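Spelled out, the chains give:
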Amino acid sequence: MNVIRTVLGDIPAKKIGVTDSHDHLIRSGGPEVNLDPAFLMDDLEASKKEFKAFLDAGGHTMICMDPIGCGRNVPKMMELAACFEGQGNIVMTTGFQKGSLYDPRTSFLATVDTSKVVDMMIAEITEGMDRHSYNGPVVERVQAKAGLIKAGTSYRVITDLEQKALKVAAQTQNATGCPISVHTDFGTMGPELLDIIEKNQGNPEHTIICHVQRNPDRYYYKMLLDRGAYLCFEEADKAQYRPDTEIAENIKWILEQGYGRQVLLGMDGGRKEGLASYMEPKGLAKGLDYMLNRFVPVMRWVGILEEDIHKILEENPARAFAIWQ
Ligand SMILES: [Zn+2]
């Protein structure tokens, strides 16, 4: 049976419900936070409110994309998930972000043999995540397992370290049947990252390419869709980059071309100004419920059918995030 591996255990894939396919609820530090404090999301009560707003809007499962070395906080996420037992699911990820967030010479990703890093990832998926997210020599596994493998690529480049992380991701997928979700800078390098995954016994059809809204090039979309990959559109409500209608129109175009089974939707709030509960003391902001309360109506408005919205929010995530056994 194909399952979704949530923080609280496995569920049948078809029970995933309405899904935010790329988001963040807790980020307790790490290099992104050092670059910009708006990335810090370390207040459990505020994060609970944010997740509740998503559930109140009709959501059921959130795919949380914080990997090793980027502020992933296993105990806090477990506490958060336990608060919503029976109401909603959280999936956590193992693996790595783009290479610039790790030391290219001294990080364990750089110094440890590929096969040993693969074993570390497999253990997070099959035995339990490390409570300390592999931040040091003491590993203490918890009951909660990772349900997704992350990798990341840079803008127009896949560095040596990123190639190693993609190789690790592909080999981990081959051993576990777990899907891969890849951060791409500005939506670039999709075909090249699929080549690396394929070459290392991973499957492009079980790979999700994130942030494609940043590269709104339909020819590029078609190249990736023809390889069988999922495209994840995020970042509604980022008007400084593009209007929501542009994202919705591109999704509609993909549906019209017959690739409706390969589209996913996430919010990727990720920063304080996109989280109403974190901004509450300071001012009014929109939260992670925006995807369902505000962006889905835009999809309807550009003419996307209800059955296709259902596909994007439920049927596709049930396939894309399934661990096949
Ligand atoms: Zn993200």
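Residues numbered from 1 in each chain as written. Predicted model: local features only at pLDDT ≥ 70, side-chain atom pairs only at ≥ 80, totals over all residues. Heavy atoms only, no water.

## Notes on empty space enclosed by the protein
What the rule picks out here adds up to 1 cavity of 30 Å³ or more. Considering only enclosed or pocket space, the largest cavity measures out at about 40 Å³ in volume. Lining the largest cavity we find Ile26, Cys64, Met65, Asp66, Arg72, Asn73, Met77 and Met92. When the residues that make up the lining of the largest cavity are grouped by side-chain class, the tally is 5 nonpolar, 1 polar and 2 charged. (1 Å grid on protein atoms, 1.4 Å probe; cavity = no way out; pocket = protein on both sides within 12 Å on 5 of 7 lines; lining within 4 Å. Points joined across faces, edges and corners; volume = space filled by probe spheres on them. Nonpolar A, V, L, I, M, F, W, Y, C, P; charged D, E, K, R; others polar.)

## So, the layout of surface pockets
Space inside the largest pocket adds up to approximately 630 Å³. What lines the largest pocket is a set of 30 residues, among which Glu32, Phe39, His183, Arg214 and Glu235 lie closest to the centre. Of the residues belonging to the lining of the largest pocket, the class tally is 8 nonpolar, 8 polar and 14 charged. Residue lining of the second largest pocket: 13 residues in total, with Ala236, Asp237, Lys238, Glu273 and Gly274 positioned closest to the centre.

## Re the coordination of the zinc ion
The zinc ion binds to the protein through His22 (NE2), His24 (NE2) and Asp268 (OD); the donor distances cover 2.1 to 2.3 Å. Look at where the donors of the zinc ion fall in the sequence and you get H-x1-H-x243-D. In this pair, His24 sits in the loop between β3 (19-23) and α1 (31-35) while Asp268 sits in the loop between β11 (263-265) and α10 (276-279), placing the two residues 244 residues apart along the sequence. Accessibility expressed as a relative area gives 6% for His24, which makes it buried. The buried category is assigned to Asp268, whose relative accessible area is 9%. (Donors = N, O, S within 2.8 Å, 3.2 Å for Na, K, Ca; no water. Helix = DSSP H or I, 4+ residues; strand = E, 2+ residues; numbered from the N terminus. Buried < 20%, exposed > 50% of the residue type's maximum accessible area, 1.4 Å probe, protein only.)

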